[in-house]
Amino acid sequence: MKFNFDFTDSKTDHSRRSLTPKEDVQWVPLKCHPSFTSSAAADGDASAPRNLLAWDGSSRLYYWDSTKQCLHRISIRLGEPEPTSVLGASPSKVFQTDVQIDFVVNKISINRNGSAIMLAGSDSLCIMPLYGRSTTTDNTIVCRTVSIGSQIYYNESNAVSILQVSWHPFSDSHLGILSSDSVFRIFDLSLDLLQPEQEYYLQPVEPGQSRNATSICPVDFSFGGDHLWDRFSVFVLFSDGAVYILCPIVPFGSVHKWDSVVEIYTDAHTSGMKSASQTAISNSSLAISWLEAIFPELNDETLEGEDILTLKARPFALFDASLCLQGPLRKVHQGGEVEDSAVRGRECEGRAVSFLYNLVSKDSVLVTAWSGGQLQIDALADEIQPVWTIGSPPRLRVNSHDRILALAMICESVSGETPAVKFGQLDHTVWFGHPPPLLRLAIVDLALPRKTESGSNIILFTDPLMPQRIFSIHDGGIDSILLHFLPFTNQACGKDETVRAPSVHPVLSTCQANNLSPLCGFVTVSDSFGHSWIIGVTSLQECIVLEMRTWDLLLPIHVEMEKKTSSFEDWESGKNPHIISKELLVGPKVVLVPQASPNLRSIPADSIEGRSTLHHYIKLFHENYVEYAHKVYFELKNLAPQLKRVIDDQHARLSEVEEKLLKVEEKQPGLEDRIDHAIHSHNLLEQRLQRLRNLPGVHKKRLSKAEREFKSELDHFSGVELDALRTSIDTLRARLKKFTHSSKADTLNQQRQRSGKNYIQDVQLSQLRSSLAKLSILNSENSKKVKLVESALKTQEHSG
């Protein structure tokens, strides 16, 4: 089935370049847009995280209306008319599917160039092209909508559900899908909608050696970023929190930078081929052969970096080797100890629910969210290297010209224990085939209330302008986690800082009293001026727009508070207000009688000298004391109303205190009675406590450390592993049902083609039945053991 939709860059079309609709529109604040004012909300799957918002990175916001089963395209203006505002064009463009959507849409996502949008649910997956052949009726654009992998995911003969789906970051037409049957598939929508281009069957543990049921149940995956071999890597998270890596994986026809490919090609020659270890030489030679086959331009000496900027991947696979499932990734320690999975399980509660890969400068950060409300933040302590398993050939589908159309391979984990590696000795293990260790940055507890047995659903996003900031969306709202320490980035910048714990800031709370309105849509948008916003939609279809401060986030917040107090407040605070100014209290500045000469007394008063001296004294007296007296008189005259107001305030306070004293005197007998009653009750409680201490059950012993650990293991088994076992049983039942239907339909053909010794399908059927019976027996035995241990613990507690 060909997919002839247009995947070209939408920016080449003039109609797509237009930032505003052609018809007359009204620009309104986005939070007041009519598309978000529906009174009723559709009932979706409350247990599944939902995100019904998408942004094309330029000027268009997409929202899936679950009530009307349609897609809204809203043209937005960022920072107009004010730098903090976000406007939306009304009315919005409405896209309707040409077929009825018979599943609940939990996620929408737009591809890299904005030409197609994905409508994903746990039961099905559809693609809606936004440009190309469409019809318009009643101001609604009806677009052709097609289903992806309808023969694989959740049909009549198969119960395989979709766990996670994501567009590939280096292709416009490739989708990655992780399903409940532990298979990771890549679809090329430009060629085939039913059959995947690449299939990877994940085998995290060897058969018969499973540590627990959750270790074989995948949960989430993420593609790597633009950093060395990370661009060809896929990170897979399992329910027990273990992270595995598949490398290298490249979609056929995807475009990559010339500089990035040459960088890893040169590293394989310098670090791998010149190593003293034969293992490193073998692994690097396989990587070089793979790069030269995928990108033939690397062998062309006539091409230079200035002549070519990008490379297109060719279809290729090693004929005698399959990819190795690298992991589980262990934590590196300063002393060289290796982390155990049981230790990781005790640090975080519940099961792993979501995963995020985040590239921050030179650091590859991995964030794992747990159902108990914790975020486990790690960084890769070493670079990723490709690893193959020799002797495990893949299955290939080729055309008449021997060109590879599709491939499938079984990816098994590395057998044996991973050697302990110290943080300072990572250079000695390059190209040895060991998975990169993890450097633990922090474990963040979001302190979420656990209201359901399944725990909290957490979705992780990154800030488009500040990669150090991670947003966690849960039932209670949005939290912002800011990373202050990144090992390789700080080292490259010359910063010798100690490890600082991330800071957690609540951004939005959707819990008000007993009302809970969780978010069903979240997207972060930004403009070219460094401003970013958070746009969210609640389950009641209410739009929320929040401006995020980015550049000054790390600066301390200074708050200036101006305190104004009246005279009454001054008296209440115990500070005497300044009734008379200090200038008057100091007195005159000039002394009246200056120092006179000894012959001053011999001068007669009626003489010229005496009159001059008296006139000088009179002048000093008038300039100082008379003027000072006038100032005192004027201030005392104006001070009388203020003193009267202060006296009135004092009288009012005195009367208020007297009233309070009267009330206290009235309540005094009641308080004494209450105190006597409390003393009497306390005596009765002491007597009851003494009687309870004499009971035999009080002297029971506390559980030992081993018993507490065993009880925690039982709780983990009953809360997490039983669900994983049920999922495995359901998957095996679906496979058994599929084989049963296929066997009934092909009975006549099998009888004709079957020889005396050809009973392969019967053998497979019997093996599936025996496996299902064993799992059922194991489940019942484990349930009996749990009940037996619980009864024993209760008996021990009562017997004491």
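Owing to the predicted nature of the structure, the values given are computational and were not obtained by experimental measurement.

## Let's talk about the pattern of salt bridges
Where charged atoms of side chains with opposite charge meet at close range, the side chains can pair.
For step 1, the next point in the chain: Evaluated as defined, the whole model comprises 10 salt bridges.
For step 2, the next point in the chain: Between Arg112 and Asp172 there is a salt bridge; the shortest N-O distance is 2.9 Å. Here the residue Arg112 occupies a position in the loop between strand S7 (107-110) and strand S8 (116-120), and Asp172 occupies one in the loop between strand S13 (162-167) and strand S14 (174-179), the gap between them amounting to 60 residues.
For step 3, the next point in the chain: On the basis of relative accessibility, which here comes to 47%, the residue Arg112 falls in the partly exposed class.
For step 4, the next point in the chain: One salt bridge connects Asp463 with Arg469, and the closest N-O pair in it is separated by 2.4 Å. Of the two residues examined, Asp463 and Arg469, each falls in the buried class.

## Remarks on the sheet that holds strand S38 (residues 543-548)
Strands pair in a sheet through their backbones, by hydrogen bonds, and they do so in one of two ways: parallel or antiparallel.
For step 1, the next point in the chain: On the basis of which strands lie adjacent, the open sheet formed by three strands has the order S36-S37-S38 and antiparallel pairing. Strands with a single pairing partner mark the edges of an open sheet, and in this sheet they are strand S36 (519-526) and S38. Neighbour to neighbour, the strand axes of the sheet diverge by 20° on average, direction disregarded.

## Concerning empty space enclosed by the protein
For step 1, the next point in the chain: One pass over the full model with this rule turns up six cavities of 30 Å³ or more.
For step 2, the next point in the chain: Volume-wise, the second largest cavity comes out at about 130 Å³.
For step 3, the next point in the chain: Looking at the second largest cavity, it is lined by 16 residues, and the ones nearest its centre are Tyr200, Pro248, Trp290, Phe316 and Ala317.
For step 4, the next point in the chain: Mapped onto the lining of the second largest cavity, the elements with two or more residues apiece are strand S16 (198-203), helix H3 (278-294), strand S22 (321-323) and strand S28 (404-412).
For step 5, the next point in the chain: For the lining of the second largest cavity, the residue count by class is 15 nonpolar, one polar and no charged.

## A look at the pairing of S36
Two faces belong to every sheet, and in a regular strand the side chains alternate between them.
For step 1, the next point in the chain: With respect to burial, S36 is a largely interior element, eight of its eight residues being buried.
For step 2, the next point in the chain: In the sheet, S36 pairs with strand S37 (residues 532-538) via seven bridges, with the strands oriented antiparallel. Its bridge partner being in S37, Phe522 is matched across the sheet by Gly536.
For step 3, the next point in the chain: With antiparallel pairing between neighbouring strands as the criterion, S36 and S37 make up a hairpin whose turn holds five residues, including Gly530 at a positive phi of roughly 90°.

Rules of the game
Residues numbered from 1 in each chain as written. Predicted model: local features only at pLDDT ≥ 70, side-chain atom pairs only at ≥ 80, totals over all residues. Heavy atoms only, no water. Salt bridge = Lys/Arg side-chain N within 4 Å of Asp/Glu carboxyl O. Helix = DSSP H or I, 4+ residues; strand = E, 2+ residues; numbered from the N terminus. Buried < 20%, exposed > 50% of the residue type's maximum accessible area, 1.4 Å probe, protein only. Pairing = 2+ DSSP bridges. Axes fitted to C-alpha atoms, helices over the stretch in contact; angles between N-to-C directions. 1 Å grid on protein atoms, 1.4 Å probe; cavity = no way out; pocket = protein on both sides within 12 Å on 5 of 7 lines; lining within 4 Å. Points joined across faces, edges and corners; volume = space filled by probe spheres on them. Nonpolar A, V, L, I, M, F, W, Y, C, P; charged D, E, K, R; others polar.

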